[in-house]
Amino acid sequence: MKLFPHQEEGIAFLKKTKRAILADEMGLGKTRQAIMAAGEDSSHGTLIICPASLKINWEREVKMVYPEDEITTVQSGKEETLVATPWIIINYDLLPKYKEQILNLIANGLIDTAIIDEAHYIKGRKTIRASTTLDVVLQLEKVYALTGTPIMNRPIELFNLLKAIKHPLGRARTVYAKRYCGAYMKTIIKKNGQVIRFFDEGGATHLEELREFTKGNILRRLKKDVLNLPPKIISVQITELSKEAQKVYDNAFDNYVEWIANNPDLEKNIEGIMDARHLVELMKLKQVCSQAKLERICSDIRSAVDQGQKVIVFSQFTGTIMKLKEMLAESKRGTRYDDAKEPILAVTLTGSDDMHARQKSVDAFQNHDDTKVFIANIKAGGVGITLTAATIVMFADMEWSPELHSQAEDRAHRIGQEGTVNVYYYIAADTIEEDIVDILERKRAIIKELMDGDASHRWAQEMERIQTIEDENEREAAYEDLQREMNQATKGNNISMAAEFLGRMKAKLHIHN
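Residues numbered from 1 in each chain as written. Predicted model: local features only at pLDDT ≥ 70, side-chain atom pairs only at ≥ 80, totals over all residues. Heavy atoms only, no water.

Participant: Go over the overall build of the protein with me, naming the residues and quoting the values.
Facilitator: Helix and strand counts for the protein come out as 18 helices and 15 strands. Burial analysis of the protein (513 residues in total) assigns 52% to the buried set. The contacts of the protein with a sequence gap of at least 6 include a subset with a gap of at least 24, amounting to 75%. Counting every atom, the protein has about 24,000 Å² of accessible surface; 50% of that belongs to carbon and sulfur. (Helix = DSSP H or I, 4+ residues; strand = E, 2+ residues; numbered from the N terminus. Buried < 20%, exposed > 50% of the residue type's maximum accessible area, 1.4 Å probe, protein only. Contact = heavy atoms within 4.5 Å. Areas by Shrake-Rupley, 256 points an atom, 1.4 Å probe, with all protein chains shown as cover.)

Listed below in structure tokens is the structure:
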């Protein structure tokens, strides 16, 4: 398996140190490095602790590296008896439930390595998540903590990670906080006269000393410093639906199946009204999938913004676009499981926006440091604009044409971009999206025949021409004409792809009309 030089260096670092923090910037392959280090250096089993939404990605990555190894992925529901396998994957919220079983496996020598993914999840002082994770990993010989968050800016958030890897600085929190956080007893008098005293650990002091003392156990590389990475990296993020989202999807899918069964003439009307109705029914399912992934996408955006990056998100649904903007604007106090979150400023671009609104959003994203996220309709925002302020592009859902996706990706990956662009496609596990991805990949050549191979390039040129038109009415009319052309050009492709999808669904469901 071919690795980049920085990944080979990271694997060697983890194997040598045994207990370490891999803090590479998002997109440098921390997952692959940790799996290979654990697989090469572990004589027994490896425990992977991660957020629930990432379990399926970890399982997929392990299978890619070690396809013959057995994997146990712990699921929610009734507690099961864990059997020792080379890999055990569990999410943070289930760890307390299975803590004693896992400790027994460790005591019997059946697990000797732990990978803590998104390790900043355990930074809280008194959270169940942090205490349970530490209770487990402190019993192990090898611990790899993975995080892309630049925790050195807030030294107290590093303490539990240092404790997890048994670094000397992780032994006494008060001593650590006083030295590296400038901690002191703070007094606040509320309006009602109530006096509140607490230990303020929010500062940052002696950072150079802290870096020096921890450099042997923390490895962090930035994309701009890793010269061997390709300029654009595309990856698929399989997202497991929550119980609530799964129920909504199952209900929508049942309605879709019922609709197919009740329309026996569907396949006989390739160019007619039934095709349009079938697309409507498919769009309902696709929209459910799109919105079901927003918690995961929102979390990943926050991680990227914490690392100082700007993000573009594409969707074909206005409801998804507006809901995501609303979620990012929310601030949360935090609970014993979740940390407080600050609002994130996002701008949007939809098909209903005129040219002034469109350019205003682009300018804000490109030129204003406080505007972190650009959320756009894939057709309205996928051509004719430059968004090189972003280094991350996310797709909440997919259009029927990969050509539209490529054009959207290149809003960030174009002249003026100085960093590596990471593109993430979010796919809902065990839903129609997996089938759609498969069809899109196999039909790529056909799609290029159905559409003019140079069409998207021509659209981009036309959008750039439109922006130079001085007369406002003429500019608006040209923009509307371009939108109509794009919609018409993809309509036939949509019907063709939907027809194939219908055939696949009927075969799967054994429906014979």
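Participant: Go over the nonpolar core with me, naming the residues and quoting the values.
Facilitator: Side chains that are nonpolar tend, in soluble globular proteins, to be buried together. Tyr-249, Ile-312, Phe-314, Phe-374, Val-393 and Phe-395 are the most contacted members of the largest nonpolar core, which has 44 residues in total. Ranked by residues supplied to this core, first place goes to helix α9 (residues 243–261) with eight residues. Beyond its immediate sequence surroundings of up to four residues, Phe-374 is in contact with Val-311, Ile-312, Val-313, Val-347, Leu-349, Ser-361, Val-362, Phe-365, Ile-385 and Leu-387. In terms of nonpolar packing, the next biggest core, distinct from the first, is built from 42 residues, Val-74, Tyr-92, Leu-95 and Leu-140 among them. (Core = buried A, V, L, I, M, F, W, Y, C linked by side-chain atoms within 4.5 Å.)

Participant: Describe the sheet that holds strand β2 (residues 45–50), naming the residues involved and giving the relevant values.
Facilitator: In a beta sheet, neighbouring strands pair by backbone hydrogen bonds and run either parallel or antiparallel. A sheet is described by the order of its strands in space; here seven strands give the open sequence β3-β4-β2-β5-β6-β1-β9, paired in parallel fashion. The two strands at the open ends of the sheet, each matched to only one other strand, are β3 (71–73) and β9 (218–219). Against the sheet, helix α1 (residues 5–17) contacts β1 (19–22), β6 (142–146) and β9, and its axis sits at roughly 150° relative to β1. Across the face of the sheet, helix α4 (residues 95–107) comes into contact with β2, β4 (87–91) and β5 (111–116) while running at roughly 155° to β4. (Pairing = 2+ DSSP bridges. Axes fitted to C-alpha atoms, helices over the stretch in contact; angles between N-to-C directions.)

Participant: Hey, could you go over the sheet that holds strand β13 (residues 371–377) for me, with residue numbers and the actual values?
Facilitator: Read from one edge to the other, the open sheet built from six strands follows the order β10-β15-β14-β11-β13-β12, with strand pairing classed as parallel. Looking at which strands have only one partner, the edges of the open sheet turn out to be β10 (232–239) and β12 (345–349). Averaged over all pairs of adjacent strands, the angle between their axes in this sheet comes to 20°, without regard to strand direction. Sheet topology places β12 next to β13; five bridges connect them, and they run parallel. The partner of Thr-348 across the bridge, within β13, is Ile-375. Sitting on the sheet, helix α14 (residues 402–409) touches β10, β11 (311–315), β14 (392–395) and β15 (421–428), and the angle it makes with β14 is about 150°.

Participant: Break down unusual backbone geometry for me, citing the residues and quoting the values.
Facilitator: For Glu-118, which is not a glycine, the phi torsion comes out positive at approximately 50°. Tracing the chain through its elements places Glu-118 in the loop between β5 and α5 (128–137).

Participant: Describe the pairing of β1, with residues and values.
Facilitator: Along a regular strand, successive side chains alternate from one face of the sheet to the other. With burial as the criterion, each face of β1 is covered, one bearing Arg-19 and Ile-21 and the other bearing Ala-20 and Leu-22. Note that β1 and β6 share four bridges and pair parallel. The residue bridging Ala-20 from the neighbouring strand is Tyr-144, located in β6. Of the strand pairs in this sheet, β1 and β9 are connected by two bridges, and their pairing is parallel. Along β9, the bridge assignment pairs Leu-22 with Leu-219.

Participant: Mind laying out the pairing of β15, listing which residues take part and the relevant values?
Facilitator: Here β15 lies mainly inside the structure; eight of its eight residues are buried. Taken together, the eight bridges between β10 and β15 define a ladder with parallel strand orientation. Across the sheet, Lys-232 pairs through a bridge with Val-421, a residue of β15. Strand direction decides the pairing type here: β14 and β15, joined by four bridges, are parallel. Bridged to Phe-395 within β15 is Tyr-425.

Participant: Explain a negative patch on the surface to me, using residue names and the numbers behind them.
Facilitator: A surface patch of like charges, here negative, comprises Asp-354, Glu-470, Asp-471, Glu-472 and Glu-474. In this fold, Glu-474 is placed in helix α18 (residues 472–509). (Patch = residues over 30% accessible without salt bridge, like charges linked within 9 Å, V, L, I, M, F, W, Y side chains within 5 Å. Salt bridge = Lys/Arg side-chain N within 4 Å of Asp/Glu carboxyl O. Lys, Arg positive; Asp, Glu negative; His and termini not counted. Charge placed at Lys NZ, Arg CZ, Asp CG, Glu CD.)

Participant: Give me the lowdown on α9, citing residues and values where you can.
Facilitator: Counted at 1.5 Å a residue, the expected span for α9 with its 19 residues is 27 Å, and the 27 Å between its end C-alpha atoms agrees. Here α9 has its buried residues at Ala-245, Tyr-249, Ala-252, Phe-253, Tyr-256, Val-257, Trp-259 and Ile-260. Across the axial projection of α9, the buried residues extend over an arc of 155°, all falling on one side. Along α9, the residues that are exposed and aim more than 90 degrees away from the buried face are Lys-243, Glu-244 and Lys-247. (Expected span 1.5 Å × (residues − 1). Arc of directions from axis to C-beta.)

Participant: Which residues make up α14, and what values go with them?
Facilitator: A large share of α14 lies buried, amounting to six of its eight residues. Listed in full, the buried residues belonging to α14 are Pro-402, Leu-404, His-405, Gln-407, Ala-408 and Glu-409.

Participant: Explain the confidence of the model for the protein to me, using residue names and the numbers behind them.
Facilitator: The predicted structure's coordinates, where accompanied by low pLDDT, should not be read in detail. Per-residue confidence for the protein gives a mean pLDDT of 83, with 81% of residues at or over 70. Across residues 333–338 the pLDDT falls below 50, and counting only partners more than four positions away or on other chains, this stretch makes nine contacts in the model. Here residues 445–454 scores under 50 on pLDDT; set against residues more than four positions off or in separate chains, the count is 15 contacts. (pLDDT = per-residue confidence, 0-100.)

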